[in-house]
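Read off the chains here:
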Amino acid sequence: MIDNTAIVDRLRERIASLETSPTRDRQVLPFGIDLLDRVLPGGGLALGALHEVAGGGNGAIHGAAAALFAAGIAARSHGQILWCVTRPDLFAPALAQAGLAPDRVIYVEAGDDKAVLACFEEGLRHGGLGAVVAEVARLSMTASRRLQLSAESSGTLGIAIRRWRRQTEAADFGQPTAAVTRWRVTALPSSPLPVPGVGRARWQIELIRCRAGDSAEFELEACDAQGCLAVPSDLVDRPGAKDHERRFAVR
């Protein structure tokens, strides 16, 4: 009998070897959650690569959740973080709650997406940063390829947060790019508490594209002061909790 699993694994290894820069071994940044890391090739988020993050809807709450998800990732990297924006609406205390201290962040305010992308690419090429984050509405295949090549050449983690003002810009998120992973983050009701109060924020995190891997979705608690996600306690204690992650075909 043909072992289809072994064949698929060999194909993934072959694809990964073709897609990885030959001059640099691909390093990863684990999330520290097994059910999440095991769906990512190498057991974590690839460094020296471009990743995309967007909110799960048009509301500001979901957009803020996507930004905090990116902040948590950046917080767990090493070094200064370059964060490029077109609007000066970042709230530093919120980023700090996700583990990204203000003294680690270098803010760049540019006039439009074109200028942000130029700063994004230059930051990735620099090679001395822990991560570069940029908020853009549109990201073409050409621009994303330039960013991916720049990230590969320096080994720097790049995160493109997709933000838009119009529904037509939101539709652009479905277009193909050269990003290694694409994420969508949706705010959910916070974790329940045994006493009156507001519990830890909870997100639905969708890995809607993963190069050389499968897509999946997870229900997790938001980043803590170290930038770490967590499996909600009510899901941990639930029978069959290990199966609450859902996986589906790559889109």
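Note that the structure is predicted; figures quoted are calculated from it, not measured.

Digging into the overall build of the chain
Looking only at helices and strands, the chain has 8 helices and 11 strands in total. Residues counted as buried form 46% of the 251 residues belonging to the chain. Sequence separation of 24 or more characterises 68% of the internal contacts of the chain that already satisfy a separation of 6 or more. When the accessible surface of the chain is summed, it comes to about 12,500 Å², and 55% of that surface belongs to carbon and sulfur atoms.

Concerning the packing of helix α5 (residues 113–126) against helix α6 (residues 141–154)
At their nearest, the axes of α5 and α6 sit 7 Å apart, and the two run at 20° to each other. As the angle between them shows, α5 and α6 are arranged roughly parallel. Crossing geometry of α5 relative to α6 is assigned as left-handed. On α6, the residues touching Leu117, Phe120, Glu121, Leu124 and Arg125 of α5 are Ala143, Arg146, Leu147, Ser150, Ala151 and Ser154. Looking at the contact of α5 with α6 residue by residue, the classes come out as 6 nonpolar, 2 polar and 3 charged.

A look at helix α3 (residues 60–75)
Along its 16 residues, α3 runs 22 Å from first to last C-alpha, staying within 8% of the 22 Å computed at 1.5 Å per residue. Taken residue by residue, α3 has Ala65, Ala66, Ala67, Phe69, Ala70, Ala71, Gly72, Ile73, Ala74 and Ala75 as its buried positions.

Examining the nonpolar core
Across soluble globular proteins, you tend to see nonpolar side chains buried next to one another. With 42 residues, the main nonpolar core has Phe69, Trp183 and Leu229 as its most contacted residues. Elements supplying a minimum of two residues to this core: α2 (34–37), α3, β4 (81–85), β6 (131–136), β7 (157–162), β8 (181–188), β9 (202–210) and β10 (215–221). When residues no more than four places from it in sequence are discounted, the contact partners of Leu229 are Phe31, Ile33, Leu36, Phe69, Arg200, Trp203, Ile205, Leu220, Glu221, Ala222 and Cys223. Within the second largest apolar cluster, 18 residues are counted, among which are Leu50, Leu82, Val132 and Val136.

Let's talk about the pattern of salt bridges
Opposite charge on two side chains allows them to pair when their charged atoms are near. Taken as a whole and assessed by the stated rule, the structure comprises 10 salt bridges. When the shortest N-O distance is used, the salt bridge between Asp34 and Arg38 registers 3.2 Å. Note that Arg200 is salt-bridged to Glu221, the shortest N-O span being 3.6 Å. Taken together, the residues Arg200 in the loop between β8 and β9 and Glu221 in strand β10 connect sequence positions 21 residues apart. For Arg200, a relative accessible area of 29% translates into the label partly exposed.

Some details on the environment of Ser153
Here Ser153 shows up in helix α6. On a C-alpha basis, the gap between Ser153 and Arg125 in space is 7.0 Å, while along the polypeptide they are 28 residues apart. Of note is the side chain of Ser153, whose polar atom sits 2.7 Å from the backbone oxygen of Ser150.

So, unusual backbone geometry
Here the phi dihedral of Ala212 falls at roughly 65°; this positive angle occurs in a residue that is not glycine. Considering the arrangement of structural elements, one finds Ala212 in the loop between β9 and β10.

Focus: the packing of aromatic side chains
Tallied over the full model, the rule gives 4 aromatic pairs. Taking the centre distance of 6.1 Å and the plane angle of 15° together, the rings of Phe31 and Phe69 count as stacked. Note that Phe31 is positioned in the loop between β1 (28–29) and α2 and Phe69 in helix α3, a separation of 38 residues in sequence. With relative accessibility at 1%, the residue Phe69 sits in the buried group. Taken together, the aromatic side chains of Phe31, Phe69, Trp183 and Trp203 make up a single cluster linked through ring pairs. One cation-aromatic arrangement involves Arg182 over Phe173; the distance from NZ or CZ to the ring centre is 4.9 Å.

Some points on the pairing of β7
Counting buried residues in β7 gives 6 out of 6 residues, a clear majority hidden from the surface. Residue alternation in β7 divides its side chains into two sets, Leu157, Ile159 and Ile161 and Gly158, Ala160 and Arg162, and both sets are buried. Bridge analysis of strand β3 (residues 50–55) against β7 gives 5 bridges, and the strand direction is parallel. Each residue of the ladder has a partner; that of Glu52, found in β7, is Ala160. Pairing of β6 with β7, which is carried by 6 bridges, proceeds in the parallel orientation. Of the residues in β7, the one forming a bridge with Val132 is Gly158. Viewed along the sheet, the connection from β6 through α6 into β7 turns out right-handed.

Parameters at a glance
- Residues numbered from 1 in each chain as written.
- Predicted model: local features only at pLDDT ≥ 70, side-chain atom pairs only at ≥ 80, totals over all residues.
- Heavy atoms only, no water.
- Helix = DSSP H or I, 4+ residues; strand = E, 2+ residues; numbered from the N terminus.
- Buried < 20%, exposed > 50% of the residue type's maximum accessible area, 1.4 Å probe, protein only.
- Contact = heavy atoms within 4.5 Å.
- Areas by Shrake-Rupley, 256 points an atom, 1.4 Å probe, with all protein chains shown as cover.
- Axes fitted to C-alpha atoms, helices over the stretch in contact; angles between N-to-C directions.
- Parallel < 35°, antiparallel > 145°, perpendicular 65-115°, else oblique.
- Left-handed = near helix turned anticlockwise from the far one by under 90°.
- Nonpolar A, V, L, I, M, F, W, Y, C, P; charged D, E, K, R; others polar.
- Expected span 1.5 Å × (residues − 1).
- Core = buried A, V, L, I, M, F, W, Y, C linked by side-chain atoms within 4.5 Å.
- Salt bridge = Lys/Arg side-chain N within 4 Å of Asp/Glu carboxyl O.
- Polar contact = N/O pair within 3.5 Å; in protein donor to acceptor, adjacent residues only side chain to side chain.
- Phe/Tyr/Trp six-rings, centres within 6.5 Å; stacked < 30°, edge-to-face > 60°.
- Lys NZ or Arg CZ within 6 Å of the ring centre and 35° of its normal.
- Pairing = 2+ DSSP bridges.
- Right-handed = clockwise from strand over helix to strand, strands pointing away.

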